[in-house]
Amino acid sequence: MNKNNEINLNRKSLAELPSLDYYRLLDKFSIVCLSDIEKIMDYFADYFDYSKRSHVLSLPTVKAAKIVMDVLLNYCVPLNELHDCLLECGLRDICEWLNKNHLKDLNVDTNKNLVNFDCLIQSGQFSQLSSDCYTSNKNTVSSFEEILPVIHYKSAESALVASPKRTDTKKLFGCFKLCYIEERNLTFRRRQFSEAISYIKELKMIKNRHLNLYTAECILKNVHSNDHFLLYPYDPVETQLLRDYADIYRNIPPNQYNTLQQLEILRDISCGLTYLHSKTDSKKNPILHSNLSPDSILIETRGNNQVSAKIFDFVHSVEMNDIDNFDGKLRDEFYKFGQIIFMVVSWRFLDRIECDRLHLDETEDEEIYIYELFRRFDMDKQPNNFTIHKLLKMSYKLTAPDYDLTKGIDKSYQLIKQQIQQLNGRKTMWP
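Residues numbered from 1 in each chain as written. Predicted model: local features only at pLDDT ≥ 70, side-chain atom pairs only at ≥ 80, totals over all residues. Heavy atoms only, no water.

Chemist: How should I be thinking about the packing of helix α12 (residues 259-277) against helix α17 (residues 410-424) in this particular structure?
Modeler: For any two helices packed against each other, one specifies the inter-axial angle together with the distance between the axes. Direction vectors running N to C along α12 and α17 enclose 150°, while the axes themselves pass 9 Å from each other. By the angle class used here, α12 and α17 are roughly antiparallel. At the point where α12 passes α17, the crossing takes the left-handed sense. Of α17, the residues touching α12 (which contributes Thr259, Leu260, Leu263, Glu264, Leu266, Arg267, Ser270, Cys271 and Thr274) are Asp410, Tyr413, Ile416, Gln419, Ile420, Leu423 and Asn424. Of the residues contributing to the contact of α12 with α17, the split by class is eight nonpolar, five polar and three charged. (Axes fitted to C-alpha atoms, helices over the stretch in contact; angles between N-to-C directions. Helix = DSSP H or I, 4+ residues; strand = E, 2+ residues; numbered from the N terminus. Parallel < 35°, antiparallel > 145°, perpendicular 65-115°, else oblique. Left-handed = near helix turned anticlockwise from the far one by under 90°. Contact = heavy atoms within 4.5 Å. Nonpolar A, V, L, I, M, F, W, Y, C, P; charged D, E, K, R; others polar.)

So this is what it looks like as structure tokens:
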């Protein structure tokens, strides 16, 4: 981002586009929720300090969106950056409106929205992969197609459903569509990719299947255009992002929170992360998700208030042998998991600035300070607040700058599992 307002003439800013109908764009913004506004401010964090963020989030969504747009306009934010931000936040309906009305100002090619392997092999983009088992471009494609079954189709019949918190009926979690495959007589979630490396990283995760990781099952390939999609399993249960699930509890008194549900969600997330960070016979190197957030975790709700969590979206994942600063990346992963723990125990999300502020304000006695936080966020009003206090302490430790990396996520997983056993009064089936 260009905080000094130095405008690149090749990329038009919002201030340079008098033809852009801001009122129409604000009308589009009215379909988002406050969590989307929060994600936009996270993306442009340089322009929104703590006090401004708190003020914006206290306003109705339409007013909050207007303030955000005014700030971005004043800082001459390039339209391309706003487009990338909305795309990353999953607000593809607004991006489509921008593509339709301001394509020449965006200077993007909307036809390049699918991975085409004919062009891909010729361009040599597969050279980004450093794994020894993929020695050539063609062998890379064929090896992946050997891992997954490939469904060839001439035209796919899709049944599209609405995504949480969106009025656009065509999107699911910002990147999935429901797709019925007549050949299999099954419904899948279909995903398309704009970058080849993202497609390949999701493919590589197929070798690392786990109960708490949401990975693809097969490839969908167009016989004419050679476009590739990935198909993910579809279970007809209520499924939503963790961020949207947390919104449900924001208006519920803390004494009505379900502690067992909170623990089960954290157990599933920590179990999935423990598997990613470990070595197995099929996975020789630890893997980091690298983009863990409330928007990369799915919550499935079944009957009798049973919930389960799955980590998805591995397009930013890295293996230990692929990067130099693995310890730094690992520490960042622990930090994000600490943020997730805090969100689940309080149903509030603290961004990095607010989390760091908690550690800066720390008193000499850490235990007393954690207890003060416990009361400040009304966690003492929750049922089983002794368990919640332990989880808060865990979150605080994970977000500390001096957290011991050798402890890993496994220690947190074991502690969470113990708390579930105590609440249930019996042993858990989990390993």
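Chemist: I keep staring at the pattern of salt bridges and nothing clicks. Help me out?
Modeler: Oppositely charged side chains may form a pair once their charged atoms are brought near each other. Considering all chains together, one arrives at 14 salt bridges under this definition. The salt bridge partner of aspartate 247 is arginine 250, with a shortest N-O separation of 3.5 Å. Owing to a relative accessible area of 39%, arginine 250 belongs among the partly exposed residues under this scheme. Between arginine 352 and aspartate 332 there is a salt bridge whose closest N-O contact spans 3.0 Å. Of this pair, arginine 352 sits in helix α14 (residues 352-360) while aspartate 332 is found in helix α13 (residues 326-346), placing the two residues 20 residues apart along the sequence. Looking at aspartate 332, the relative accessible area reads 21%, which means it is partly exposed. Among the charged side chains, a salt-bridge network with shared partners connects Asp235, Glu300, Arg302 and Lys310. (Salt bridge = Lys/Arg side-chain N within 4 Å of Asp/Glu carboxyl O. Buried < 20%, exposed > 50% of the residue type's maximum accessible area, 1.4 Å probe, protein only.)

Chemist: Looking at this model, I keep getting lost on the pairing of strand β6 (residues 227-233). Mind explaining?
Modeler: For a regular strand, side chains alternate in direction, first toward one face of the sheet and then toward the other. The element β6 is extensively covered by neighbouring structure, given that six of its seven residues are classed as buried. Where strand β4 (residues 186-191) lies against β6, four bridges are found, and the strand directions are antiparallel. From the neighbouring strand, phenylalanine 188 faces β6, where its bridge partner is proline 233. Judged from the four bridges that link them, strand β5 (residues 218-222) and β6 form a sheet pairing that is antiparallel. (Pairing = 2+ DSSP bridges.)

Chemist: What should I look at first to understand unusual backbone geometry in this one?
Modeler: Glycine aside, the phi torsion of most residues is negative, and most peptide linkages are trans. Not every positive phi belongs to a glycine, and serine 290 is a case in point at roughly 70°. Of note in the backbone geometry, aspartate 313 takes a positive phi value of approximately 65° without being a glycine. Mapped onto the elements, aspartate 313 comes out in the loop between β10 (307-311) and β11 (318-319).

Chemist: I would appreciate a short explanation of the side chain of histidine 289 in the present structure.
Modeler: As for its position among the elements, histidine 289 is in the loop between β8 (287-288) and β9 (297-301). There is a polar contact of 3.0 Å between the side chain of histidine 289 and the backbone oxygen of aspartate 313. Other than its neighbours up to four places away in sequence, histidine 289 contacts Leu276, Ser296, Ile311, Phe312, Asp313, Phe314, His316, Ser317 and Glu333. (Polar contact = N/O pair within 3.5 Å; in protein donor to acceptor, adjacent residues only side chain to side chain.)

Chemist: Is there a simple way to think about the sheet that holds β10 in this case?
Modeler: Strand pairing in a sheet is mediated by backbone hydrogen bonds. Such pairs are either parallel or antiparallel. Strand order in the open sheet made by the three strands is β7-β9-β10, with antiparallel pairing throughout. The two strands at the open ends of the sheet, each matched to only one other strand, are β7 (238-241) and β10. Put simply, the sheet's adjacent strands are angled 25° from each other on average, direction ignored. As defined by bridge partners, β9 adjoins β10 across five bridges and the pair is classed as antiparallel. Paired with leucine 298 across the strands is lysine 310, a residue of β10. Across the sheet, α12 touches β9 and β10, and the angle it forms with β10 is around 25°.

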